[in-house]
Amino acid sequence: MKRAQGDGRLGVFQVTRIPLLKNLLAVFRYRVLVQSLVVRELKARYRGSVLGFLWSFINPLLQLVIYWFVFSYIMPTRGLLGTSPYALFLFTGILPWTWFSASVMESSAVLITGGNLIKKILFPAEVLPIVVVLSNLVHFFLGLPILFAFLIYYGKVHWTLVFFPAVVLLQLVFTLGVCLFISALAVHFRDVQNIIANVMMLWFFGSPVIYSYLTISPSIQRYLNYNPMTHIIVGYHQSLFTGTMGHWPWLLVMIPATLITFLVGYYFFDKLRETFAEEV
Amino acid sequence: MTTAIQVSDVTKVYQRYSHRKQFRTLKSALLGGSLLSDLRPDERFPALSGVTFNVRHGSTFAIIGRNGSGKSTLLKVISGIAKPDSGTVSVDGRISALIELGAGFHPEITGRENIFINGIMLGLTKREIEDRFDAIVEFAELEEFIDAPVKTYSSGMYMRLGFAVAIHVDPDVLIIDEVLAVGDEAFVHKCLDKISEFRRRNKTILLVTHSLGLVEKMADEALWIDKSEVQLRGDPKKVVDAYLARVSQHEEKALVAAEERAVAEFDAPESANEPETPVSEIEPTSAFAREKGRWGSREVEIQDVSLRGAEDSADGRGKHIFSTGESVTVCLNIKSTGTIKDFVFGVAIFNADGICCYGTNTDLEDFKPVTLSGEGEVRFVIPKLQLIEGTYFLDVAAHQRDGYPFDYHRALHQFRVQSRVKDVGVYRPSHQWEFTPNIVMRPPDPSS
C-alpha cells in the first residue's frame, strides 16, 4: 500500500512545499493526540498536590476574594460607570485575559522544551502550541462556574449571554494565531522568551481589563481600538456584566481580524517548520 | 522481492547560523525589517549527499559508519522527521522509528498514561493501544510500577518502557538507531529476540549500530556511510571489513601523530638529568607510574623507532596497526658518539593498563657486547604477534649492563592490535581446540 504523495506523514514527500491547508488538515488528523496531550498537561499540572483538580476552582476563587478585599477596603473605587461591583467586573475580564497571556507566555517556550519530540518523533509541531492554548482554555472554563455563580448572586444574568460563546471563539482563533507566531519566532530568537512577560504586561494595561472601555477619553480609545484584545474583553464585559451589546460592530470587525491573525501566524509557523528540528 | 524503502539521490544540508546573527537581537531584526532574511543560513555543510539505495521487503538492512557520518540524519530523513533538501524517499508501509526511546514521556504522569500518549504519538489508535497494553507492560517487565509516575523510574525502566511501546506499534518497517546499547543483558537479549521475530515475520528492519558483530549476524545487507556519502553497500561481511580497514587507517594516522608528539616532547637530550629511579634493567615498573618519558646520556642514541609488518620492506615508514598472529619487527635506529664496549638493548611491551606483557634485553638473553660505533640498526623480530586486541605501549632502551642509561624511551611508541576474536587476558598463546568425536561442534566460519 503506497501512501499518497505529500501525505504529510509518511510515504513520498517531495522537496516541494506542502500547501498550508494540507498541514492544517494533518493537524485535524492528530486531534486524538492533541486531546490526550491536553489531558496530560492538566493531569501533570496538579499531580502530587493534595487538592488536585480542585485548584482550578480554588485559584480563581482566591483571586476573586483578593480583588474584592482590595477594591472594597484598601482602595474603594468610586463606582465608575458600569463597573459596579468592581471586583466582579475585574474578574470578568481577568479570567479570559489569563487564558490569553498564559497561552502566549507558555507558547514562547513550548517548542524549545518540547524539542525532544520535534527531533525524535514524527508529528506536526503545531500540536505543541495548540495544546498550550487548549489546556489554558480548559483552565478558563474551569474558572467559569465561580464567575457565573457570582454573576447570578449579583443578579447579572442577561440575554446577551448568548454572545459569550462567540467571544470565546474569537479569542480562541486570535490566541492560536498569536501563539503560533510567538512559538515559531522564539525558536530563532530566544530573546522572545525574556521580553514576552513585559510585552504581556504592557498589553494587559493596553486592554480594558482593570478599567472600563467606556470611561476612557476618545483620544486614547482610538489607539486601543487597534488592539483586538480590547474588543474581546469588552465583548466579555458586555455579554456577561453589563448586558448591553453596544460593541457588536467592533466584534463583527474582529471576525476577519482574528482570522487574518491566525492565518498570518500559521503561515509564519509553516514557513519555519522545517528549521525547528535543527534549531531547537 | 519488492522494495520497502527507496532512497533516491537524497541530499540533506545542515545550516549553521553565524555568530554575528545569533547575537543579533529581535529588535534589530524588526527595525531593520530583515526578520525573514535573518532566518536564512549563511553557512551550510552537507550531512548527506547523493545517497541512493533501496531496501527489499523483509530484509534486515544495516547502516554503519563513524560518528557524525550522517547515519542518524539518514534515519531521520527516512522516518520523515527531517526532510531531504533534494531527492526522494519512499517508504512502503507503517514505520516505527526507535531513534530515541521514550522521547515523548512526561515524567509527572504514570507509565500507564505515558503508554497511551506515546502510542498515539507513534501512530496507534486508542483501541489498538488498549489491545496491546498488557503485552507492552509485560514486555517492559513493569507490571508493578505501571501506575507510578515515570519520573520515579530508573533509566533502565524508562528505556524498557520506551522500547516496549515502540516495538508494539507493529510496524512494517522498523528503524533502530543504536538503542540496543541500553538495558541490562537480559533485556538486550529480549530485544534481539523481538527483532528476530520481526525478521521471521518478514518485516523490514533498518538498523544503525556500532556493534559490527550484530551487523554480521543479523543483517542481510549493509551500507557504509562516511563523510555524508555512501562508501560501500552490499554483503555485510564485505562492508564491515572495508569499514574496519578504513578505521585502521584513521587509527594509524592518530597513532603516528601521538607518537610524533611524544617523541618531540622528550627529544631534547637531558644528559644532566639523571633518571629519578635508577633503571638497572628493563623491568616492569609500577603499573601506576608509567608516564611517558625519555632520559639517558645519549652516548648511544636511539634515533628512530619503527614497527614493521611482514609485508613491509625495510625502507617502509612502518605501521601501527597489527592483527593478532601477524609478524612484527621493532627496528631501532641507533647512533653512538664514540666506540662503546658495554651496551645492552632492551624492548618491553606494555598494555593500556600498564601491565608488562613482555620485556627482555640482550643481556638477559646472554648476548655479550663487544663493540658499537657509528650508526646501526637493531631489529627485534616477533614472528607471530601473540597479543589480544588493544593498544600497547613500547619501551625501548640502550644502556650499560649496570643500568647506566644511554637512551631510554618510556611509552613513547604505541601500536594497536586488532583481532576478530574477543578473547581476554594479557597475551594469546598459540592454541587449538580438539574434541573427541562424541562432542560435536561446528568450527568457526573460516572466513572470519
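What counts and how
Residues numbered from 1 in each chain as written. Chains lettered and ligands numbered in written order. Predicted model: local features only at pLDDT ≥ 70, side-chain atom pairs only at ≥ 80, totals over all residues. Heavy atoms only, no water. Helix = DSSP H or I, 4+ residues; strand = E, 2+ residues; numbered from the N terminus. Buried < 20%, exposed > 50% of the residue type's maximum accessible area, 1.4 Å probe, protein only. Contact = heavy atoms within 4.5 Å. Areas by Shrake-Rupley, 256 points an atom, 1.4 Å probe, with all protein chains shown as cover. Patch = residues over 30% accessible without salt bridge, like charges linked within 9 Å, V, L, I, M, F, W, Y side chains within 5 Å. Salt bridge = Lys/Arg side-chain N within 4 Å of Asp/Glu carboxyl O. Lys, Arg positive; Asp, Glu negative; His and termini not counted. Charge placed at Lys NZ, Arg CZ, Asp CG, Glu CD. 1 Å grid on protein atoms, 1.4 Å probe; cavity = no way out; pocket = protein on both sides within 12 Å on 5 of 7 lines; lining within 4 Å. Points joined across faces, edges and corners; volume = space filled by probe spheres on them. Nonpolar A, V, L, I, M, F, W, Y, C, P; charged D, E, K, R; others polar. Phe/Tyr/Trp six-rings, centres within 6.5 Å; stacked < 30°, edge-to-face > 60°. Lys NZ or Arg CZ within 6 Å of the ring centre and 35° of its normal. Bend = angle between axes of the 7 residues up to and from the residue. Pairing = 2+ DSSP bridges. Axes fitted to C-alpha atoms, helices over the stretch in contact; angles between N-to-C directions. pLDDT = per-residue confidence, 0-100. Parallel < 35°, antiparallel > 145°, perpendicular 65-115°, else oblique. Left-handed = near helix turned anticlockwise from the far one by under 90°.

**Here we look at the overall build of chain B**
Moving on, step 1. The secondary structure content of chain B amounts to 10 helices and 18 strands.
Moving on, step 2. Across the 448 residues of chain B, 49% fall into the buried class.
Moving on, step 3. Once local pairs closer than 6 in sequence are excluded, the contacts in chain B between residues at least 24 apart make up 75%.
Moving on, step 4. Here chain B displays about 22000 Å² of accessible surface, and carbon together with sulfur accounts for 52% of that area.

**Details of a negative patch on the surface**
Moving on, step 1. Side chains of Asp134, Glu138, Glu143 and Glu144 of chain B sit close together on the surface and give a patch of like negative charge.
Moving on, step 2. With respect to the helices and strands, aspartate 134 of chain B occurs in helix α6 (residues 126–140).

**Considering empty space enclosed by the protein**
Moving on, step 1. Here the structure, examined in full by the defined rule, presents 1 cavity of 30 Å³ or more.
Moving on, step 2. In this structure, the largest cavity occupies an estimated 280 Å³ of space.
Moving on, step 3. Together, 22 residues line the largest cavity, and Ile121 and Leu122 of chain A together with Ser96, Ala97 and Leu122 of chain B are the ones closest to its centre.
Moving on, step 4. Taken together, the elements giving at least two residues each to the lining of the largest cavity come down to β5 (95–98), α5 (111–121) and α7 (155–167) of chain B.
Moving on, step 5. Here the lining of the largest cavity takes 4 residues from β5 of chain B, the largest share from any one element.
Moving on, step 6. Residue classes in the lining of the largest cavity are distributed as 13 nonpolar, 6 polar and 3 charged.

**Thoughts on the pattern of salt bridges**
Residue and element names in this part refer to chain B.
Moving on, step 1. A full pass over the atoms with the stated rule returns 31 salt bridges over all chains.
Moving on, step 2. The shortest N-O distance in the salt bridge between arginine 112 and aspartate 147 comes to 2.7 Å. Residue arginine 112 is located in helix α5, and its partner aspartate 147 is located in the loop between α6 and α7; the two are separated by 35 residues in the primary sequence.
Moving on, step 3. Of the charged contacts, one joins glutamate 251 and arginine 416 as a salt bridge, the two residues approaching to 3.2 Å between their closest N and O atoms. Linking glutamate 251 in helix α10 (residues 236–265) with arginine 416 in strand β18 (residues 405–418), this pair joins segments that are 165 residues apart in sequence.
Moving on, step 4. Owing to a relative accessible area of 24%, glutamate 251 belongs among the partly exposed residues under this scheme.
Moving on, step 5. Within the structure, one salt-bridge network assembled from shared partners comprises Asp170, Asp172, Lys194, Glu197, Arg201 and Lys203.

**Let's talk about the packing of aromatic side chains**
Moving on, step 1. In the structure shown here, the tally under the stated rule is 34 aromatic pairs over all chains.
Moving on, step 2. Note on phenylalanine 148 of chain A and phenylalanine 164 of chain A: the rings are 5.9 Å apart at their centroids and 85° apart in plane angle, and the pair reads as edge-to-face. With a gap of 16 residues between them, phenylalanine 148 of chain A in helix α6 (residues 127–153) and phenylalanine 164 of chain A in helix α7 (residues 164–188) connect regions that are remote in the sequence.
Moving on, step 3. Under the relative-accessibility criterion, phenylalanine 164 of chain A is labelled buried at 9%.
Moving on, step 4. Here phenylalanine 116 of chain B and phenylalanine 133 of chain B contribute two aromatic rings whose centre-to-centre distance is 5.8 Å and whose plane-to-plane angle is 25°, an arrangement assigned as stacked. With a gap of 17 residues between them, phenylalanine 116 of chain B in helix α5 and phenylalanine 133 of chain B in helix α6 connect regions that are remote in the sequence.
Moving on, step 5. The exposure class of phenylalanine 133 of chain B is buried, given its relative accessible area of 9%.
Moving on, step 6. Feature note: the residues Trp97, Phe100, Phe174, Trp203, Phe204 and Phe205 of chain A constitute an aromatic cluster, connected by ring pairs.
Moving on, step 7. Directly above the aromatic system of phenylalanine 187 of chain B lies the positively charged group of arginine 160 of chain B, at a separation of 6.0 Å from the ring centroid.
Moving on, step 8. Positioned above the aromatic ring of phenylalanine 198 of chain B, the side-chain terminus of arginine 201 of chain B is 5.5 Å from the ring centre.

**So, α6 of chain B**
All names here are of chain B.
Moving on, step 1. Arginine 132 marks where α6 bends most, by close to 50°.
Moving on, step 2. Buried within α6 we find Ile129, Phe133, Ile136, Val137, Phe139 and Ala140.
Moving on, step 3. For α6, the secondary structure elements touched by its buried residues are α5, α7 and α8 (185–200).
Moving on, step 4. A positive phi of about 55° marks glutamate 141, the residue just after α6.

**What to know about the sheet that holds strand β16 (residues 372–382) of chain B**
To summarise the sheet geometry, strands pair through backbone hydrogen bonds and adopt either a parallel or an antiparallel arrangement.
Residues and elements named next belong to chain B.
Moving on, step 1. Strand order in the open sheet formed by 3 strands is β11-β13-β16, with antiparallel pairing between adjacent strands. The sheet is open, and its two edges are formed by β11 (300–309) and β16, each paired on a single side. Strand-to-strand, the axes of this sheet are offset by a mean angle of 20°, without reference to chain direction.
Moving on, step 2. Bridge count between strand β13 (residues 328–340) and β16: 10 bridges; the pairing is antiparallel. Note on β16: the bridge partner recorded for leucine 332 is valine 378.

**Quick notes on the confidence of the model for chain A**
Moving on, step 1. Scored by pLDDT, chain A comes out at a mean of 84, with 91% of its residues at no less than 70.
Moving on, step 2. Mean pLDDT per element in chain A: helix α1 (residues 20–29) of chain A is the minimum at 75, and α7 of chain A is the maximum at 95.

**Here we look at the environment of glycine 58 of chain B**
All names here are of chain B.
Moving on, step 1. Inspection of the secondary structure puts glycine 58 in the loop between β2 (43–56) and β3 (60–64).
Moving on, step 2. Remark: the alpha-carbon pair of glycine 58 and isoleucine 205, spanning 147 residues in sequence, is separated by 7.4 Å.
Moving on, step 3. Residues in contact with glycine 58, not counting those within four places in the same chain, are Asn202, Lys203, Thr204 and Asp220.

**Quick word on the packing of helix α2 (residues 31–46) of chain A against α5 of chain B**
Moving on, step 1. It is the contact of α2 of chain A with α5 of chain B, at a shortest axis distance of 9 Å, that shows an interaxial angle of 150°. As far as their axial angle goes, α5 of chain B and α2 of chain A are roughly antiparallel. Helix-helix and strand crossings are classified by hand; for α2 of chain A and α5 of chain B the assignment is left-handed. Contacts between α2 of chain A and α5 of chain B pair Val32, Leu33, Ser36, Leu37, Arg40 and Lys43 of chain A from the former with Glu113, Ile117, Ile120 and Met121 of chain B from the latter.
Moving on, step 2. Considering only residue class, the contact of α2 of chain A with α5 of chain B consists of 6 nonpolar, 1 polar and 3 charged.

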